[in-house]
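# Working through the structure, step by step
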2 protein chains.
Amino acid sequence: MSAPDKLAWLDKVNWTTDGLVPVIAQEAGSGRVLMFAWMNREALQLTSETGHAVYWSRSRGRLWHKGEESGHVQHVHEIRLDCDEDVVLLTVEQVGGIACHTGRHNCFFQKLDQGNWVIDQPVLKDPKAIYHE
Amino acid sequence: MSAPDKLAWLDKVNWTTDGLVPVIAQEAGSGRVLMFAWMNREALQLTSETGHAVYWSRSRGRLWHKGEESGHVQHVHEIRLDCDEDVVLLTVEQVGGIACHTGRHNCFFQKLDQGNWVIDQPVLKDPKAIYHE
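Residues numbered from 1 in each chain as written. Chains lettered and ligands numbered in written order. Predicted model: local features only at pLDDT ≥ 70, side-chain atom pairs only at ≥ 80, totals over all residues. Heavy atoms only, no water.

With that settled, consider the nonpolar core. When a protein is soluble and globular, its nonpolar side chains tend to lie buried together. I24(A), Y55(A), L90(A), I24(B), Y55(B) and L90(B) are the most contacted members of the largest nonpolar core, which totals 75 residues. Apart from residues no more than four positions distant in its own chain, I24(B) is found in contact with I24(A), V33(A), F36(A), F108(A), V33(B), M35(B), F36(B), V87(B), V88(B), L89(B) and L90(B). (Core = buried A, V, L, I, M, F, W, Y, C linked by side-chain atoms within 4.5 Å. Buried < 20%, exposed > 50% of the residue type's maximum accessible area, 1.4 Å probe, protein only. Contact = heavy atoms within 4.5 Å.)

Here it is, written out as structure tokens:
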């Protein structure tokens, strides 16, 4: 008898033709949506195994260990899958309280207000200080 | 002088090559992530104008007024855009308390638990009663 495939759960995901799945990262406790990104199979496996969010950077074409430059690592509390099995929802603890590369708490800082996108979240840390220190 | 373009805010969105944008719907109050879907330009415009979430159904290739069959309309409180301007976050009030076509509160009812996807949310209403009444 062969051992049961410990990675069978990854086969349940309906990957895109590019081998990716969209991922929503939500902050544990506050419930705020921090960011949206993509994972490939390896990224999701690593996220589960390490407990740190690992995404697939489509722009850079490589694995992106969230926080690898900034230190703003995400500790993963929960990994969820939706009804169509083609979207992942992470519940995470955001180290540093900054998820966005602009230095803001989260990426959704533009709110539609009477036909205009208005920024309503402060920059908590200068990105230059985040990425070049 | 021509009137200012009241729909210029739609041009700020970085639509995919298919003319779509991914959308996260989050419940006002509870902060729970309800579902993930897509919008085209018309869907986002209608969502803003009507105050009800309108998505683009990729499987059906048409506009999808959320709740058109089920009655589970989403009243939109906020429309947000992320840092890369290619993801939309809605804050909504979910009529009927059911966002998922399976009859559950939300779509993310499968949780990864020791290598298995475990359902941890109850069906609140039989889908047959939702879609064929």
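Attention shifts here to the environment of P127(A). Residues and elements named next belong to chain A. Structurally, the position occupied by P127 is in helix 3 (residues 127–131). Since its relative accessible area comes to 28%, P127 is described here as partly exposed. Residues P127 and S70 lie 57 residues apart in sequence; the distance between their C-alpha atoms is 9.0 Å. Setting aside residues up to four positions removed in sequence, P127 forms contacts with H101, T102 and G103. (Helix = DSSP H or I, 4+ residues; strand = E, 2+ residues; numbered from the N terminus.)

This brings us to the relation of the copies chain A and chain B. In screw terms, the move from chain A to chain B is a rotation of 180° and a rise of 0.0 Å along the axis, fitting with an RMSD of 0.0 Å. One copy is carried onto the other by what is essentially a two-fold rotation axis. Proximity to the rotation axis, assessed at the C-alpha, singles out G31(A) in chain A; its C-alpha lies 2.7 Å from the axis. Taken as a fraction of all interface residues of chain A, those also at the interface in chain B reach 100%, which identifies the copy contact as same-surface. (Least-squares fit on C-alpha atoms with pLDDT ≥ 70 in both.)

Turning our eyes to something else, we now look at the UniProt feature "binding site: Mg(2+)" (unreviewed entry) in chain A. As recorded in UniProt, the feature "binding site: Mg(2+)" (unreviewed entry) lies at D82(A), D84(A) and D86(A). Along the chain, D82(A) turns up in the loop between strand 5 (74–81) and strand 6 (88–94). By relative accessible area, D82(A) is classed as buried at 4%. Sequence-distant contacts of D82(A), defined by excluding residues within four places in its chain, comprise V87(A), C107(B), F108(B) and Q110(B). Along the chain, the position of D84(A) falls in the loop between strand 5 and strand 6. We classify D84(A) as partly exposed; its relative accessible area is 42%. (UniProt positions renumbered as here; feature names shortened; annotations may be inferred.)

Take the interface of chain A and chain B next. Contact with chain A, which involves 35 residues of that partner, is made by 35 residues of chain B. Here chain A packs against chain B, burying approximately 3100 Å² in sum over the two surfaces, 65% of which is carbon and sulfur. Among the residues chain A hides against chain B, the three largest losses belong to R80(A), F108(A) and W117(A). Together they make up 22% of the total. In this assembly, chain A and chain B are joined by 4 salt bridges. When the shortest N-O distance is used, the salt bridge between D120(A) and R80(B) registers 2.6 Å. At the surface where chain A touches chain B, the tally comes to 20 residue pairs in polar contact (both at pLDDT 80 or more). Listed by contribution, the elements that provide at least two residues to the side of chain A that touches chain B are strand 1 (20–27), strand 2 (33–40), strand 5, strand 6 and strand 7 (110–113) of chain A. Of all the elements, strand 5 of chain A adds the most residues to the side of chain A that touches chain B, at 4 residues. (Buried area = accessible area lost by both parts, 1.4 Å probe. Salt bridge = Lys/Arg side-chain N within 4 Å of Asp/Glu carboxyl O. Polar contact = N/O pair within 3.5 Å; in protein donor to acceptor, adjacent residues only side chain to side chain.)

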